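For reference, the chains in residue letters:
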Amino acid sequence: MNKYHISVLLIAVTALLSGCDQSSQDPNVMLSEGQKDPIKQLEITSKIDRSKFGYQQTFYVPIYSDIYTDRDNRKVLLSATLSVRNTTLKKSLYINKIDYYDTHGAFVKSYLHKPIELPAMGTLNYIVEKEEDKGGSGANFIIEVEGIDDTVTPVIEAVMIGNFSNKAFAFTTQGTPVIH
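Cut-offs used in this document
- Residue numbering note: each chain is counted from 1, following its sequence as written.
- The predicted nature of this model means local features are confined to residues of pLDDT at least 70 and side-chain atom pairs, given and counted, to a pLDDT of 80 or more, with totals for whole chains, interfaces and linings taken over all residues.
- Only hydrogens and water are set aside; all other atoms, that is, all heavy atoms of the structure, feed into the side-chain values.
- Pairing between strands requires that DSSP locate at least two bridges from one strand to the other.
- In DSSP terms, a helix is any run of H or I states spanning at least four residues, a strand is any run of E spanning at least two, and both are numbered starting from the N terminus.
- Fitted lines through C-alpha atoms serve as axes, helices being fitted only where they are in contact, and the angles separating the N-to-C directions of these axes extend from 0 to 180 degrees.
- Stacked, tilted and edge-to-face are the three classes assigned to paired rings of Phe, Tyr and Trp, where Trp is represented by its six-membered ring and a pair needs centres within 6.5 Å; plane angles under 30 degrees give stacked, over 60 edge-to-face, the rest tilted.
- Relative accessibility decides the category of a residue: with a 1.4 Å probe and only protein chains considered, values under 20% of the type maximum give buried, values over 50% give exposed, and everything between is partly exposed.
- Any Lys NZ or Arg CZ found within 6 Å of a ring centre and within 35 degrees of that ring's normal is scored as a charge over the ring.
- Asp and Glu are treated as the negative residues and Lys and Arg as the positive ones, with His and the ends of the chain left uncounted.
- Salt bridges are defined as contacts in which a side-chain nitrogen from Lys or Arg sits within 4 Å of a carboxyl oxygen from Asp or Glu.
- Identification of polar contacts relies on pairs of N or O atoms within 3.5 Å, with a donor-acceptor requirement for protein atoms, meaning one able to donate a hydrogen and the other able to accept it, and with residues adjacent in sequence counted only if both atoms are side-chain atoms.
- For this analysis, residues touch if any pair of their heavy atoms sits within 4.5 Å.

(A) Spotlight on the sheet that holds strand 4 (residues 79–85). Taken in spatial order, the four strands of this open sheet run 8-4-10-11, and their pairing is antiparallel. Looking at the sheet topology across the chains shown, the edges are occupied by strand 8 (123–128) and strand 11 (167–174). Strand-to-strand twist of the sheet, defined as the mean angle between neighbouring strand axes without regard to direction, takes the value 15 degrees.

Given below as structure tokens:
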């Protein structure tokens, strides 16, 4: 191979690899409206007057990154969708923290860099891919929310799906308020 062919090959490989943007492979971006990160779209950009807030709550949401399927202890990876729903017709819900922890209680990742505003009747869905197995079978989210009053109490759930052999399964978990 001469220098010209090697140069062309290197340029082609570089162009190919630079096109592999991590965010373009994120299902949260690919499956969202406008192919934008749903959390970034909800980030608060202006100052919020929190002095009027009368409701604040922390929720624990269990997530199963994997489960065991039979007596041979075969582990099956699961994908999970975290769903935070504002059930009010007129008031926004503010989410200040979405942190992910593993089975042993060790912090894995924070999903928020800024607080987000979930509009009335709005839903935030966020996918944890099955390939993300850092959480383990006892993974969980800690979510902090606040709002004007306790009528903005959210519904927080997680839906896990997976398959093993020729069988598919799905199940849900509910967010539970944490007492400080």
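(B) Quick look at the packing of aromatic side chains. For the coordinates displayed, the defined rule picks out seven aromatic pairs. Ring geometry for tyrosine 101 and phenylalanine 107: centres 5.7 Å apart, planes at 75 degrees, overall edge-to-face. On the basis of relative accessibility, which here comes to 48%, the residue phenylalanine 107 falls in the partly exposed class. Members of the aromatic cluster, connected to one another through ring pairs, are Tyr100, Tyr111, Tyr126 and Phe141. One Lys or Arg, lysine 109, reaches over the ring of tyrosine 111 and ends 4.6 Å from the middle of that ring.

(C) Inspection of the side chain of aspartate 102 at higher detail. Tracing the sequence through the fold places aspartate 102 in the loop between strand 5 (93–101) and strand 6 (107–110). No salt bridge is formed by the buried aspartate 102, whose closest oppositely charged neighbour, lysine 134, lies at an N-O distance of 10 Å. A distance of 2.9 Å separates a polar side-chain atom of aspartate 102 from the backbone nitrogen of alanine 106. Apart from residues no more than four positions distant in its own chain, aspartate 102 is found in contact with Val108, Lys134, Gly135, Gly138, Ala139 and Asn140.

(D) Here's a closer look at the pattern of salt bridges. Taken as a whole and judged by the stated rule, the model has four salt bridges. A salt bridge links lysine 97 to aspartate 99, with the nearest nitrogen and oxygen atoms 3.9 Å apart. By relative accessible area, aspartate 99 is classed as buried at 7%. A salt bridge links glutamate 144 to lysine 97; the nearest nitrogen and oxygen atoms lie 3.4 Å apart. Within this pair, whereas glutamate 144 is found in strand 9 (residues 140–147), its partner lysine 97 is found in strand 5, the two being separated by 47 residues in sequence. Classification of lysine 97 by relative accessible area gives partly exposed; the value is 26%. What emerges from the salt-bridge pattern is a single network uniting Lys97, Asp99 and Glu144.

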